[in-house]
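Breakdown of the fold
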Amino acid sequence: MLYPLPDASLISHQGKQVALRQMKGRVVVYDFIFTSCGGACPLMTRAMQQLVSDFKPDEKIQFVSISVDPKHDTPAVLSDYARKWTSDGRWLFLTGDLDTISALAVKGFKLAATQPGAGAEALLHSSKFVLVDKTGFVRGYYDSTEHSALTSLQADARALIQE
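Residues numbered from 1 in each chain as written. Predicted model: local features only at pLDDT ≥ 70, side-chain atom pairs only at ≥ 80, totals over all residues. Heavy atoms only, no water.

Turning our eyes to something else, we now look at the pattern of salt bridges. Counting across every chain of the model gives six salt bridges. As a salt-bridge pair, aspartate 88 and arginine 90 come within 2.9 Å of each other at their nearest N and O atoms. Overall, the relative accessible area of 10% leaves arginine 90 in the buried class. The shortest N-O distance in the salt bridge between arginine 139 and glutamate 163 comes to 3.7 Å. With a gap of 24 residues between them, arginine 139 in strand S10 (residues 137-143) and glutamate 163 in the segment after helix H4 (147-162) connect regions that are remote in the sequence. (Salt bridge = Lys/Arg side-chain N within 4 Å of Asp/Glu carboxyl O. Buried < 20%, exposed > 50% of the residue type's maximum accessible area, 1.4 Å probe, protein only. Helix = DSSP H or I, 4+ residues; strand = E, 2+ residues; numbered from the N terminus.)

As C-alpha cells, this is what we get:
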C-alpha cells in the first residue's frame with residue numbers, strides 16, 4: 001500500500017455527481033486523458049479499452065478516466081467519447097473544475113501534471129495508469145504504453161480483487 005487516495009467530487013459522462021470514495025469496495029484503474037488529444041490519450045484509451053475487455057463483467061473492478069480538459073470535456077462530450085470506446089458500465093469518464101483535477105492529479109495521485117500554457121486548454125499530464133485497491137489505497141503505477149506493464153497491471157488487479 002502506497003497511500004490513501006483523497007476524496008474528490010467530479011461529474012460523470014452521465015451527468016451524475018461522483019465522489020471517489022464511492023469507488024471503495026472495488027478495485028479501480030484510473031487514468032487522466034482528454035478527448036481532443038492527438039498524442040498519448042488515444043493510445044491510453046485503447047489500452048484501457050483492452051483492460052476493460054480482459055475482465056469479466058462480474059469481477060469487482062472499476063475503470064475511471066478523468067479529463068484534464070474540463071472546459072472542452074463537458075459531460076455531453078464525455079458521453080459521446082464513452083459511446084465510442086465502450087458499452088461497459090464499469091468504465092466512467094469524469095470531469096470537474098481544473099483546480100480540483102490538477103490537485104487530484106498532483107497531490108492525490110502523485111502524478112506529474114502542469115497547468116496549461118498560453119493558448120492551451122488541457123492540463124499536461126502523465127500517461128500512467130494507477131491501480132487502487134478496495135480500501136482506496138494506491139497500490140501501483142503502470143506505463144500505459146508498455147505491454148509488459150499492462151500485463152502486470154492485470155495480474156495485480158486480479159490479485160487485489162481476490163483479497
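Moving on: the packing of aromatic side chains. Taken as a whole and assessed by the stated rule, the structure comprises six aromatic pairs. On the basis of an interplanar angle of 65 degrees and a centroid distance of 4.9 Å, the ring pair of tyrosine 30 and phenylalanine 109 is categorised as edge-to-face. Here tyrosine 30, found in strand S4 (residues 27-33), pairs with phenylalanine 109, found in the loop between helix H3 (98-108) and strand S7 (113-114); they are 79 residues apart in sequence, far enough to count as distant. By relative accessible area, which is 1% here, tyrosine 30 ends up buried. Where tyrosine 81 meets tryptophan 85, the ring centres are 6.1 Å apart and the plane angle is 50 degrees; that geometry is what we call tilted. With tyrosine 81 and tryptophan 85 both in helix H2 (residues 75-85), this residue pair falls four residues apart, about one helical turn. The burial state of tyrosine 81 is the same as that of tryptophan 85; both residues are buried. Over the ring of tyrosine 3 we find lysine 110; its NZ or CZ atom is 4.9 Å from the centre of that ring. One residue, arginine 158, lies across the ring of phenylalanine 55, its end atom 4.3 Å from the ring centre. (Phe/Tyr/Trp six-rings, centres within 6.5 Å; stacked < 30°, edge-to-face > 60°. Lys NZ or Arg CZ within 6 Å of the ring centre and 35° of its normal.)

From the geometry alone we can't say anything about function, so treat these as descriptive.
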